[in-house]
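Chain residues, written in single-letter form:
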Amino acid sequence: MNGRILISGASIAGLTLAYWLARHGFHPTVIERAPRPRVGGNGIDVQNLAIDVVERMGIMPRVRAAAADVQGMKFVDARDRAIARITLPTGGVEVMRGDLVAMLHEITDAEYVFGDSIRDLSQHADGVSVSFDRGHTRRFDLVVGADGLHSAVRRLAFGPESHFIQHKDHYFAFADAGTALGEDRWVTMYNLPGKMAGIYRSGNHPQAKAYFIFRSGPLTFEHRDVEQHKRLISQAFASEPTWRIKELLAAALADPGFYFDALSQVRMPSWSSGRVALVGDAAYCASPASGAGAELALIGAYRLAGELAAASGDHRIAFSRYEDAHRPLVRQKQQIGPNVRLMVPKTVGGIRVRDAAARLPLMRAMAAAERLMRAKGSMRLPDYALA
Ligand SMILES: Cc1cc2nc3c(=O)[nH]c(=O)nc-3n(C[C@H](O)[C@H](O)[C@H](O)COP(=O)(O)OP(=O)(O)OC[C@H]3O[C@@H](n4cnc5c(N)ncnc54)[C@H](O)[C@@H]3O)c2cc1C
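Keep in mind it's a predicted model, so treat the numbers as computed, not measured.

Thresholds applied
Residues numbered from 1 in each chain as written. Predicted model: local features only at pLDDT ≥ 70, side-chain atom pairs only at ≥ 80, totals over all residues. Heavy atoms only, no water. Pairing = 2+ DSSP bridges. Helix = DSSP H or I, 4+ residues; strand = E, 2+ residues; numbered from the N terminus. Axes fitted to C-alpha atoms, helices over the stretch in contact; angles between N-to-C directions. Contact = heavy atoms within 4.5 Å. Parallel < 35°, antiparallel > 145°, perpendicular 65-115°, else oblique. Left-handed = near helix turned anticlockwise from the far one by under 90°. Nonpolar A, V, L, I, M, F, W, Y, C, P; charged D, E, K, R; others polar. Domains from an automatic or database assignment. Buried area = accessible area lost by both parts, 1.4 Å probe. Buried < 20%, exposed > 50% of the residue type's maximum accessible area, 1.4 Å probe, protein only. Arc of directions from axis to C-beta. Near = heavy atom within 4 Å. Polar contact = N/O pair within 3.5 Å; in protein donor to acceptor, adjacent residues only side chain to side chain. Areas by Shrake-Rupley, 256 points an atom, 1.4 Å probe, with all protein chains shown as cover.

This part takes up the sheet that holds strand β15 (residues 209-215). Ordered in space as β5-β4-β13-β14-β15-β12-β16, the seven strands form an open sheet in which the pairing is mixed. Where the open sheet ends on each side, the last strands, each with one partner, are β5 (82-87) and β16 (259-266). The average angle at which neighbouring strand axes cross in this sheet is 25°, direction not considered. In this sheet, strand β14 (residues 195-200) lies alongside strand β13 (residues 186-192) in antiparallel orientation, the contact comprising six bridges. Across the sheet, the residue bridging to Val187 is Tyr200, located in β14. Sheet strands touched by helix α6 (residues 226-237): β12 (165-176), β14, β15 and β16. Its angle to β15, the strand with the most contacts, is close to 70°.

What follows concerns the packing of helix α2 (residues 49-56) against helix α9 (residues 293-310). What describes two packed helices is the angle between their axes and the distance between those same axes. At their nearest, the axes of α2 and α9 sit 9 Å apart, and the two run at 55° to each other. As the angle between them shows, α2 and α9 are arranged oblique. For the pair α2 and α9, the sense of crossing is left-handed. On the side of α2, the interface is formed by Leu49, Ala50, Val53, Val54 and Arg56, while α9 contributes Glu295, Leu298, Ile299, Tyr302 and Arg303. A breakdown of the residues in the contact of α2 with α9 according to their chemical character gives seven nonpolar, no polar and three charged.

The three strands lie next to each other as β8-β9-β10, forming an open sheet whose pairing is antiparallel. With partners counted over all chains shown, the strands left at the sheet margins are β8 (118-124) and β10 (137-140), one partner each. Recorded for the sheet is a direction-independent mean angle of 20° between the axes of neighbouring strands. Taken together, the six bridges between β8 and strand β9 (residues 127-132) define a ladder with antiparallel strand orientation. Its bridge partner being in β9, Ile118 is matched across the sheet by Phe132.

How big an interface is tends to be expressed through the accessible area that disappears when the partners come together. As assigned here, the protein chain comprises domain 1 (4-64 + 95-163 + 266-335) and domain 2 (166-263 + 339-371). Centre-to-centre separation of domain 1 and domain 2, based on C-alpha positions: 28 Å. Each partner contributes to the interface: domain 1 provides 14 residues, whereas domain 2 provides 17 residues. Interface area, domain 1 with domain 2, both sides summed: about 1,400 Å², of which 56% is carbon and sulfur.

Before going further, it helps to examine helix α12 (residues 348-358). Along α12, the residues classified as buried are Ile351, Arg354, Asp355 and Ala358. End-on view of α12: buried residues confined to an arc of 95°, all on one side of the axis. Turned more than 90 degrees off the buried face of α12, the exposed positions are Arg352 and Val353.

A word on the side chain of Lys74. Turning to its location among the elements, Lys74 is positioned in strand β4 (residues 72-76). Given the relative accessible area of 8%, Lys74 is considered buried. In this structure Lys74 touches Ala82, Ala84, Arg85, Glu183, Trp186, Val187, Thr188 and Met189, once residues within four positions along its chain are discounted.

Turning our eyes to something else, we now look at the site of the ligand. Within the structure, the ligand sits among 27 residues, and Ser11, Ala13, Glu32, Asn42 and Asp281 are positioned closest to it. In this structure, Ile12 approaches the ligand through a main-chain N or O atom, which is 3.2 Å from an oxygen atom. A distance of 3.1 Å separates a nitrogen atom of the ligand from a polar backbone atom of Arg33. Calculation on the ligand without its partners gives an accessible area of 920 Å², and the protein chains cover 93% of this total. Mapped by element, the contributors of at least two residues to the shell around the ligand are α1 (12-23), β2 (27-32) and α9. No other element matches α9, which puts three residues into the shell around the ligand.

Counting buried residues in β16 gives seven out of eight residues, a clear majority hidden from the surface. Note: β12 against β16, seven bridges, orientation antiparallel. Bridge assignment links Tyr171 to a residue of β16, and that residue is Ala262.

And the structure:
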């Protein structure tokens, strides 16, 4: 029942869902707008129950071998002198996003369609007709949107994104930076009031990553217009000649994989509508400030595939069980606490207070405690019988 399932988005949620659907005997088709899996981004955390998901997929040893092994955050002054360091224990493994996406793609047996996107959906009693940007139409039993914060499936089946996205007053960008920048296995951060420029260095990659955050009320921009994104980051940082901002900006603006977005969360009253469901950031983005995007995507995708198998493909039963099981974790991870305010204080005074506090053992203990609070506690990943 409901064997042919179209998944929009070949990233962490979409690939994990396709992997588990195939293991349960369904026939997933994955459509991705990019010409190949997108491997940009900095480190992401595979933690808590997500470790169990990745272990059950057989790639946890490879994920551990590729670990970014980042020790913590280092705050620096304009002369690049370390003012304070906070080491961050993690209950899991921090790995470069692109490494995880590449591994998931490699092990997932599905029909792939790259360089295309869903244009329209129309639901019927026994299936969904889907038309594509390239012009053709196909019929599937179910459609799942795993297409991220600006999900096309969500827009088509649930309504405009303004109904579901909450803006958190910050914008961020990730990009490649000069290889010689930054300290190995540390995230180096430099602050100006309401702005942060940083360098992320994984222990496993020679390529340093630049990242930028700035505070702002809502800005109008087209989320696919990379040249416009680059202009917005330039406007925010080009007038700041201090520290290494000039070098970082030049490298980021030259990177074709430059990634920019608003720091936002997605909150929806329901993650399914008839034969269409959502998974990962499309349904419940917690924002990069939560450190939990990959965790929610991996666990959510595992659960959605498992519930479909357990209900013998009956989407009415499966979609509602998936949502009941996953919502408590989403609610918990969307409480992002003071992370962003600590990383990007609003004023010079706020930066000084943060730096002074970061030198105190108490602050370091609090930062460590916040990470450890994300631990999985007594939760267990459900077992779903394989076909
Ligand atoms: C390039 C990139 C870099 C990122 N870097 C970081 C990072 O450094 N730190 C961090 O915390 N999070 C980052 N994220 C977000 C992070 O991957 C997610 O928060 C989390 O892992 C959940 O993944 P997801 O699969 O739900 O969504 P995403 O990882 O956002 O994946 C969505 C996928 O859907 C595709 N897509 C979008 N629209 C369409 C469409 N209309 N049709 C078909 N496909 C579509 C996208 O190209 C993408 O492959 C990044 C995301 C991307 C896409």
